[in-house]
Amino acid sequence: LQFLYFIGHTRTMSSYDRALTVFSPEGELIQIRYASDAVNQGGCCVGVKGKDSLVLCVERKMGTQLQDTRTVKKIIKIDDHVFAAFAGLTADARVLGKRARDECANFQFNYEDRVSTEYISRYVAQIQQRYTQSGGRRPFGVSFILAGIDESGKHAIYMTDPSGYFARYKAISCGQNSKTVQEFFDKNYKDDMSADETLRLAVSSLMDVVDQSSRNIEVCQLKSTDKGCEARFVGEEELTELIKSIEKEKEEEEKKG
Amino acid sequence: KATVSVLYCVQSLASPMTCVNDTMHDLRDVNFVKAMLPASKQQSEIDELMAADKTLKNVKLPVCPRPSAIPKLNLEKGTTTLGIVVKDGIVLCVDSRASTGEFIASRTTQKVLPMGKTILGTMAGGAADCQYWERVLGVECRLWELRNKTTITVAAASKILAGISYSRRNSGLCMGTLVAGWDEFGPQLYTVDDQGTRLKGDKFSQGSGSVYALGILEEHRTDMSIEEGIDLGRRAVMHATHRDAYSGGYVQVYVVRAPDENGHCWERVSRDDVQDLYKKAHEDGTAGCFKDLF
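Quick summary incoming for the structure in this document. This structure is a prediction, so every number in the text was calculated from the model and none was measured. (Residues numbered from 1 in each chain as written. Chains lettered and ligands numbered in written order. Predicted model: local features only at pLDDT ≥ 70, side-chain atom pairs only at ≥ 80, totals over all residues. Heavy atoms only, no water.)

Observations concerning the overall build of chain B
Piece 1. Along its length, chain B carries 8 helices and 14 strands.
Piece 2. Relative to its full complement of 294 residues, chain B shows a buried share of 44%.
Piece 3. Just so you have it, chain B exposes about 15800 Å², and 53% of that area is on carbon and sulfur atoms. (Helix = DSSP H or I, 4+ residues; strand = E, 2+ residues; numbered from the N terminus. Buried < 20%, exposed > 50% of the residue type's maximum accessible area, 1.4 Å probe, protein only. Areas by Shrake-Rupley, 256 points an atom, 1.4 Å probe, with all protein chains shown as cover.)

A short note on the overall build of chain A
Piece 1. Assigned secondary structure in chain A consists of 7 helices and 10 strands.
Piece 2. On C-alpha atoms alone, chain A measures out to a radius of gyration of 20 Å, which is about the 18 Å that the 2.2 N^0.38 rule sets for 257 residues.
Piece 3. Expressed as lengths along the three principal axes of its C-alpha atoms, the size of chain A is roughly 60 × 55 × 40 Å.
Piece 4. By the burial criterion, 46% of the 257 residues in chain A qualify as buried.
Piece 5. Counting contacts in chain A only where the partners sit at least 6 residues apart, residues at least 24 apart contribute 63% of the total.
Piece 6. Just so you have it, chain A exposes about 14000 Å², and 49% of that area is on carbon and sulfur atoms.
Piece 7. Across chain A, 36 positive and 39 negative side-chain charges occur, with their mean positions spaced 4 Å apart. (Rg over C-alpha atoms; globule rule 2.2 N^0.38 Å. Contact = heavy atoms within 4.5 Å. Lys, Arg positive; Asp, Glu negative; His and termini not counted. Charge placed at Lys NZ, Arg CZ, Asp CG, Glu CD.)

Regarding the packing of helix 6 (residues 195–207) of chain A against helix 7 (residues 236–256) of chain A
Residue and element names in this part refer to chain A.
Piece 1. Look at helix 6 against helix 7: their axes get within 10 Å of each other, and the N-to-C directions meet at 75 degrees. Taken together, helix 6 and helix 7 sit at an angle that is classed as roughly perpendicular. Judged by residue contacts, Leu199, Arg200, Val203, Ser204 and Met207 of helix 6 engage Glu238, Leu239, Leu242, Ile243, Ser245, Ile246, Glu247, Glu249 and Lys250 from helix 7.
Piece 2. For the contact of helix 6 with helix 7, the residue count by class is 7 nonpolar, 2 polar and 5 charged. (Axes fitted to C-alpha atoms, helices over the stretch in contact; angles between N-to-C directions. Parallel < 35°, antiparallel > 145°, perpendicular 65-115°, else oblique. Nonpolar A, V, L, I, M, F, W, Y, C, P; charged D, E, K, R; others polar.)

Some points on the interface of chain A and chain B
Piece 1. Counting residues at the interface gives 12 residues for chain A, matched by 14 residues for chain B.
Piece 2. Summing both partners gives a buried area of about 950 Å² for chain A against chain B, and 45% of it is carried by carbon and sulfur.
Piece 3. Looking only at chain A, the three residues that lose the most surface to chain B are Tyr111, Glu112 and Asp113 of chain A, adding up to 48% of its buried area.
Piece 4. Remark: the boundary between chain A and chain B carries 3 salt bridges.
Piece 5. One salt bridge in this structure joins Lys159 of chain B and Glu112 of chain A, with 3.7 Å as the shortest N-O distance.
Piece 6. Connecting chain A to chain B are 5 residue pairs in polar contact (both at pLDDT 80 or more).
Piece 7. Of all elements in the fold, only helix 3 (90–111) and helix 4 (117–130) of chain A reach the threshold of two or more residues within the side of chain A that touches chain B.
Piece 8. Per-element tally for the side of chain A that touches chain B: the top contributor is helix 3 of chain A, with 4 residues.
Piece 9. Split by residue class, the side of chain A that touches chain B holds 4 nonpolar, 2 polar and 6 charged. (Buried area = accessible area lost by both parts, 1.4 Å probe. Salt bridge = Lys/Arg side-chain N within 4 Å of Asp/Glu carboxyl O. Polar contact = N/O pair within 3.5 Å; in protein donor to acceptor, adjacent residues only side chain to side chain.)

A few points about the pairing of strand 4 (residues 82–88) of chain A
Residue and element names in this part refer to chain A.
Piece 1. Within strand 4, 7 of the 7 residues are buried, which leaves it mostly tucked inside the rest of the structure.
Piece 2. Neither face of strand 4 is left uncovered, since the one carrying Val82, Ala84, Phe86 and Gly88 and the one carrying Phe83, Ala85 and Ala87 both have all their residues buried.
Piece 3. Inspection of the sheet shows strand 3 (residues 75–79) paired to strand 4 by 4 bridges, in the antiparallel sense. By the bridge assignment, Lys77 is partnered in strand 4 with Phe83.
Piece 4. As judged from the 7 bridges shared by strand 4 and strand 5 (residues 142–149), these two strands associate in the antiparallel manner. Looking at strand 5, one finds that Ala84 is bridged to Leu146. (Pairing = 2+ DSSP bridges.)

What about the sheet that holds strand 6 (residues 155–160) of chain A?
All names here are of chain A.
Piece 1. Here 5 strands make up an open sheet; going across it, the order is 3-4-5-6-7 and the pairing antiparallel. In this open sheet, the two strands that pair with only one neighbour each are strand 3 and strand 7 (166–169). Mean inter-strand twist for the sheet, computed between neighbouring axes without regard to direction, equals 25 degrees.
Piece 2. Here helix 3 sits on the sheet and contacts strand 3, strand 4 and strand 5; the angle it forms with strand 3, its principal contact strand, is near 20 degrees.

Thoughts on the sheet that holds strand 11 (residues 198–200) of chain B
Residue and element names in this part refer to chain B.
Piece 1. Spatially, 7-8-9-10-11 is the arrangement adopted by the 5 strands of the open sheet, whose pairing is antiparallel. Both edges of this open sheet fall to strand 7 (112–115) and strand 11, since each of them pairs with a single strand only. Across the sheet, the axes of successive neighbouring strands diverge by a mean angle of 20 degrees, strand direction being ignored.
Piece 2. Inspection of the sheet shows strand 7 paired to strand 8 (residues 119–122) by 4 bridges, in the antiparallel sense. Along strand 8, the bridge assignment pairs Pro114 with Leu120.

Points about helix 5 (residues 178–188) of chain A
Residues and elements named next belong to chain A.
Piece 1. Listing the buried residues of helix 5 in full gives Ser178, Val181, Phe184 and Phe185. For helix 5, the buried positions fall inside an angular range of 115 degrees around the axis, keeping them on one side. More than 90 degrees from the buried face of helix 5, the exposed residues found are Lys179, Glu183, Asp186 and Lys187.
Piece 2. On its buried side, helix 5 packs onto helix 2 (30–40), strand 1 (45–49), strand 8 (171–174) and helix 6. (Arc of directions from axis to C-beta.)

Interpretation note: all reported values are geometric properties and have no functional meaning in isolation.
Here it is as structure tokens:
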């Protein structure tokens, strides 16, 4: 009897999972769940918020040895004050990133103000939602982590997912091993961290899940200063040093413990 | 001598056509020009003029285009409105006359339109255009608040209105507005035109009475107090209404300040009949200085 039930269950699932615009009997859009699975296969990326800085950190998966990994950027500049990291299908992310950039430029043209992080995250999320509701199109297999600093100095991290849901976070991760990384944040995140502490936390979180090599991590730091938003990609040397010091700290803690 | 004579004949190089008795004549037409000359002119003089005209005929004179960068000063907006930025706020003063040609349609027009709690817009030019589009702007400001959970900046609000004007610039809109408000950057004053011109500044005046008001406003300094600004603005509109036929009625003074506990930034300070103001100014010899009115 159990066996028969199992067969029946799979048949129900598979008959509802081909079409995007059809709910399953459990009340789920299964295509969107599959899209999230595609996201979970992508390289891990994290976003962490500090007192007046933001850090985006991305695991850069190794391509073939002959690929120039420096040209594969997983942190996209959306505007001078907004950066996005993503997990999932790179091509989809490229398309969405372009739409976000266009919207930033149009917004500034029409309203003279620069976009707030919330606005652009909402915009990207709305596009992703639109692709879950009309027929003939598939959802974007991307989750974005957007980090931005507004003109008034407010800084925020938002994450969007293939269903079009978006929310603000203090620290968030998506992609492969994101659950492990999120548990790490639950344990170690503190409010009002300085810029250095935030950078350290973000890189430490990825070091558990990534090969210990600076070439595999891409880090972008945004600081809120008097001049507004200062953004930079952390250089390789600095990153190697930072990783070394984090490893050292870990060893010392293990020795103590 | 030849140049002067040519100018006598040819009235406008840019538009050599002239309309006499409902028929178009080309001023380069020798016979026509001859006929236009007064009979008393000597024949030799006429020949001289004709000769000069002939040489001109061989020269191709380009039509001088009006540079598009210089906006045409359009004084067809029958009103006086002004806005000045002072320390801690903005003072807006408007008259209240609406005229259709030579008929005064209303002496109690409301020329200041609020856009939410933080922004005011003034009206000059076509009442319909101003009222409608400023109301649309008010809607956009409200939608912005609902969508983005913050009050709109004055830069963005004025940009929306400028975009509306610019996209309709050839439709014959007649609208000169001042967008004044308080946002996170402090008091902001913008002027938006029916051609899509949008300028940020400390002192603007619009309408047919603006030329008189701007003379009075030369006293303005950005570090004046609000009371001094109110006095100055009120005086400026009063003097403008005295001399401009299309301005009159009441002077309304509005002030934009930092938000109070409800987030409300603007309030109406006073509403005075210009005739009473003018009488008072010249009765007590203060020549329009009303420091004792508040």
